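Remarks on the overall topology
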Amino acid sequence: MKTIKIILKFIILPIILVVAFNMFEYGFVWDKVDKFLYPFVLAAVSMIIFFIPGVRRFFLMIAFGMLILMVLLYLSNNPNLSNFIGSFGFALLLIVILSLLPQLIQKGQIEKY
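The rules we used
Residues numbered from 1 in each chain as written. Predicted model: local features only at pLDDT ≥ 70, side-chain atom pairs only at ≥ 80, totals over all residues. Heavy atoms only, no water. Phe/Tyr/Trp six-rings, centres within 6.5 Å; stacked < 30°, edge-to-face > 60°. Helix = DSSP H or I, 4+ residues; strand = E, 2+ residues; numbered from the N terminus. Buried < 20%, exposed > 50% of the residue type's maximum accessible area, 1.4 Å probe, protein only. Core = buried A, V, L, I, M, F, W, Y, C linked by side-chain atoms within 4.5 Å. Contact = heavy atoms within 4.5 Å. Expected span 1.5 Å × (residues − 1). Arc of directions from axis to C-beta.

The next subject is the packing of aromatic side chains. Evaluation of the coordinates by the stated rule reveals three aromatic pairs. Relative to Phe88, the ring of Tyr38 lies with its centre 5.7 Å away and its plane at 65°, an arrangement referred to as edge-to-face. Remark: Phe88 occurs in helix α4 (residues 79–107) and Tyr38 occurs in helix α2 (residues 37–51); sequence separation between them is 50 residues. Using a relative accessible area of 7% as the deciding quantity, one classes Tyr38 as buried. Centre to centre, the rings of Phe58 and Phe59 are 5.4 Å apart; their planes meet at 70°, and the pair counts as edge-to-face. Three or more aromatic residues joined by ring pairs form one cluster here, namely Tyr38, Phe84 and Phe88.

Another aspect to go through is unusual backbone geometry. Excluding glycine, residues mostly carry a negative phi; peptide bonds, for their part, are mostly trans. Not every positive phi belongs to a glycine, and Asn77 is a case in point at roughly 65°. Positionally, Asn77 belongs in the loop between α3 (56–75) and α4. Given the relative accessible area of 67%, Asn77 is considered exposed.

This part takes up the nonpolar core. Grouped together as the largest cluster of nonpolar side chains are 21 residues, with contacts concentrated most on Phe21, Leu42, Ile49, Phe59, Phe88 and Leu92. At the level of secondary structure, the elements contributing two or more residues to this core comprise α1 (2–26), α2, α3 and α4. The element that contributes the greatest number of residues to this core is α4, accounting for seven residues. For Ile49, the contacting residues outside a window of four places in its chain are Val55, Arg56, Phe59, Ile95, Val96 and Ser99.

For α4, with 29 residues, the first-to-last C-alpha span of 41 Å sits near the 42 Å given by 1.5 Å per residue. Lining the buried residues of α4 we find α1, α2 and α3. Trailing α4 by a residue or two, Gly108 shows a phi angle of about 90°, which is positive.

Considering the arrangement of structural elements, one finds Ser46 in helix α2. Under the relative-accessibility criterion, Ser46 is labelled buried at 2%. Ser46 has contacts with Leu17, Phe21 and Ile95, leaving out every residue within four places of it along the chain.

Once that is clear, we can look at α3. Under the 1.5 Å per step criterion, the end-to-end length of α3 is 29 Å for 20 residues, consistent within 8% with the ideal 28 Å. Looking at α3, one finds that the buried residues are Arg56, Phe59, Ala63, Met66, Leu67 and Leu73. Each buried residue of α3 lies within a common arc of 130° when the element is viewed along its axis, so the set occupies one face. The exposed set on the far side of α3, more than 90 degrees from its buried face, consists of Arg57, Phe58, Ile68, Leu72 and Leu75. Contacts made by the buried residues of α3 are with α2 and α4. Following α3 by one or two positions, Asn77 has its phi on the positive side, about 65°.

Structure, rendered in structure tokens:
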């Protein structure tokens, strides 16, 4: 039973996360291999946040920093880089917020139906 949990945590869950992030970002288009870098990074960050909860604040600060950098890059007339950094910062922010939901529900700050 312990082996199954380890396999689920470290093999199956990252694969599911990569596929999910790829679907969210690119839909059902699987044409380029370089498009897998973004979902792999998001899956790795998700795994780190879920298994090491102490780093949430660090990733939250990175997400806010990326969103501020997005605004600065957009104002300096660099829309492509701004779009990439803003998309990654927003995805990182959503991952951090979603990882906090179970704690907020447990503390009673958010009610379950």
